[in-house]
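Single-letter residue listing:
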Amino acid sequence: MKNLPVLVLLAALVLLPACTEATSQQQPAVQPIALAIHGGAGTILRENMTPEREAAYQAGLNEALDAGYAILEAGGTSLDAVVAAVQVLEENPLFNAGRGAVYTHEGTHELDAAIMEGATRNSGAVAGLTTVKSPIALARLVMEESRHVMMVGDGAEVFADGFQVERVDNAYFNTERRYQQLQRALEREQSSSHGMRLPSPDPELDIAPEALAYGTVGAVAVDREGNLAAATSTGGMTNKRFGRVGDVPVIGAGTYADNATAAISATGHGEYFIRGVVAHDVASMMRYADASLDEAARSVVMDKLTELGGTGGIIALDAQGNVTMPFNTAGMYRASIDADGNRVVRIYED
Ligand code: ASP
């Protein structure tokens, strides 16, 4: 029995790690919360910005970030947080979503939006809306109150009639700046068909027509339950043809969320994001190739999308509250608060 102390010690050494493991399983570390938002990517150059305009964009991003983060901090759901953030941006005329949406070729507005929750992969999408003030609110109703995932045009508007959804005249979405962008795009189209190219007095407007539109808005979040959500809302691309639908409402292209991988919201030249199935590709690289969030997002945006000829960017986060926001354009309006509470609000690469 003189070996008893040694035996006790050995038993303790064997049992201790198991006990610690059990304790850490009973008391998991607090699930982090995080939120990221974007207000569009494109040819956003410092030299074309005034300090006032830059400050206005930053204020808009901060306001949206605060609206969404307050919900997460209070223990609310990621779904509520992304809707709140997107709605602030939809109401801000600086961004190409809701008021301030770009014009179609015909001089009207057609709005697209989508939402997805990562726990269930339930999703709702709307396209070609003309009178719904908050497209993201209707996308959520499609997800929660219909048997469908995507509703478009008149059918979506009739569906909206069944709910207390605020409606507006299409002219509500008008802004002078977006109108001037359409005029520039139409002039360019005309002059290029005649082999001429007219310079613009406003450098912000004198950029490639496909870059004129950017300003789509989106948000991704993880809540205290570890649930992810993604939401995106847009007026699409300036001078788009009647009936054109971009990547935003295409689940897996412009919007995607899955608790096991990531929540993603995209902005850029939608046709390429659809062809590259961009948002889902990020999730797939994480799931099947074991890539980290950042590796997957960067490889899809900087390599695969660029190879295809597509321009734009994404915001993405995972259940650990890691955030990444890569883009292959000159700038992307973006902001985030990560798992450690670090707040970032940026426009250009640096
Ligand atoms: N992706 C949007 C679309 O193609 C445009 C944008 O992001 O600004 O409709």
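Only a predicted model underlies this, so the values are computations on that prediction, with no experimental measurement involved. (Residues numbered from 1 in each chain as written. Predicted model: local features only at pLDDT ≥ 70, side-chain atom pairs only at ≥ 80, totals over all residues. Heavy atoms only, no water.)

Caption draft 1: Inspection of the pattern of salt bridges at higher detail. Following the criterion strictly, the structure yields 12 salt bridges and no others. Note that lysine 133 is salt-bridged to glutamate 166, the shortest N-O span being 3.6 Å. Here the residue lysine 133 occupies a position in the loop between strand E3 (123-129) and helix H4 (135-145), and glutamate 166 occupies one in the loop between helix H5 (153-161) and helix H6 (176-193), the gap between them amounting to 33 residues. The salt bridge involving glutamate 271 is made with arginine 244; its shortest N-O contact spans 2.8 Å. Note that glutamate 271 is positioned in helix H7 (residues 270-275) and arginine 244 in the loop between strand E6 (228-234) and strand E7 (255-257), a separation of 27 residues in sequence. With relative accessibility at 30%, the residue glutamate 271 sits in the partly exposed group. (Salt bridge = Lys/Arg side-chain N within 4 Å of Asp/Glu carboxyl O. Helix = DSSP H or I, 4+ residues; strand = E, 2+ residues; numbered from the N terminus. Buried < 20%, exposed > 50% of the residue type's maximum accessible area, 1.4 Å probe, protein only.)

Caption draft 2: Expanded view of unusual backbone geometry. In this structure, arginine 121 takes a positive phi of about 60 degrees despite not being glycine. Here arginine 121 shows up in the loop between strand E2 (111-117) and E3. When its relative accessible area of 44% is taken as the criterion, arginine 121 is described as partly exposed. Phi at asparagine 239 takes a positive value of approximately 70 degrees, unusual for a residue other than glycine. Turning to its location among the elements, asparagine 239 is positioned in the loop between E6 and E7.

Caption draft 3: Representation of the site of the ligand within the structure. As a structural note, the neighbourhood of the ligand is formed by Tyr214, Gly215, Thr216, Gly236, Met237, Arg244, Gly246, Asp247, Thr267, Gly268 and Gly270. For the ligand, an oxygen atom lies 2.7 Å from a polar atom in the side chain of threonine 216. Contact with the protein chains hides 100% of the accessible area of the ligand, taken as 270 Å² for the molecule alone. (Near = heavy atom within 4 Å. Polar contact = N/O pair within 3.5 Å; in protein donor to acceptor, adjacent residues only side chain to side chain. Areas by Shrake-Rupley, 256 points an atom, 1.4 Å probe, with all protein chains shown as cover.)

Caption draft 4: Geometry of the pairing of E3. Extensive coverage of E3 is indicated by the burial of 7 of its 7 residues. Bridge analysis of E2 against E3 gives 5 bridges, and the strand direction is antiparallel. Note on E3: the bridge partner recorded for alanine 114 is alanine 125. Here E2 folds back onto E3, and the loop between the two strands holds 5 residues, one of which, arginine 121, carries a positive phi near 60 degrees. One ladder, built from 3 bridges, connects E3 with strand E4 (residues 150-152); its direction is parallel. Bridge pairing in E4 places valine 126 opposite methionine 151. Regarding topology, H4 serves as the crossover connection from E3 to the parallel E4, and that connection is left-handed. (Pairing = 2+ DSSP bridges. Right-handed = clockwise from strand over helix to strand, strands pointing away.)

Caption draft 5: Spatial organisation of the sheet that holds strand E5 (residues 217-222). Taken in spatial order, the 8 strands of this open sheet run E4-E3-E2-E6-E5-E1-E11-E12, and their pairing is mixed. At either margin of the open sheet sits one strand with a lone partner, and together these are E4 and strand E12 (343-348). Averaged over neighbouring strand pairs, the angle between their axes works out to 5 degrees when direction is ignored. The sheet strands contacting helix H2 (residues 51-73) are strand E1 (34-42), E5, strand E11 (331-337) and E12, and the helix crosses E12 at an angle near 145 degrees. On the sheet, H4 packs against E2, E3, E4 and E6 and is oriented at approximately 135 degrees with respect to E3. (Axes fitted to C-alpha atoms, helices over the stretch in contact; angles between N-to-C directions. Contact = heavy atoms within 4.5 Å.)

Caption draft 6: Structural detail: H4. The buried fraction of H4 is high, at 8 of 11 residues. Along H4, the residues that are buried comprise Pro135, Ile136, Leu138, Ala139, Arg140, Leu141, Val142 and Met143. The secondary structure elements touched by the buried residues of H4 are helix H3 (78-91), E2, E3, E4, H5 and E6.

Caption draft 7: Layout of a nonpolar patch on the surface. Residues Val149, Met150 and Val152 make up a contiguous nonpolar surface patch of about 250 Å² in total accessible area. Tracing the sequence through the fold places methionine 150 in strand E4. (Patch = residues over 30% accessible without salt bridge, like charges linked within 9 Å, V, L, I, M, F, W, Y side chains within 5 Å.)

Caption draft 8: Structural context of the sheet that holds E7. Spatially, 4 strands are ordered E7-E8-E9-E10 in an open sheet, and the strand pairing comes out antiparallel. The sheet is open, and its two borders are formed by E7 and strand E10 (323-324), each paired with just one other strand. The pairing of E7 with strand E8 (residues 263-268) spans 3 bridges and is antiparallel. Directly across from tyrosine 256, in E8, lies its bridge partner isoleucine 264. Sitting on the sheet, helix H8 (residues 278-288) touches E7, E8 and strand E9 (312-317), and the angle it makes with E7 is about 30 degrees.

Caption draft 9: Structural context of the environment of tyrosine 69. Position of tyrosine 69 relative to the elements: it lies in helix H2. Note: C-alpha distance between tyrosine 69 and alanine 84 (15 residues apart in sequence) is 9.2 Å. Excluding residues that lie within four positions of it along the chain, tyrosine 69 makes contacts with Ile33, Leu35 and Ile337.

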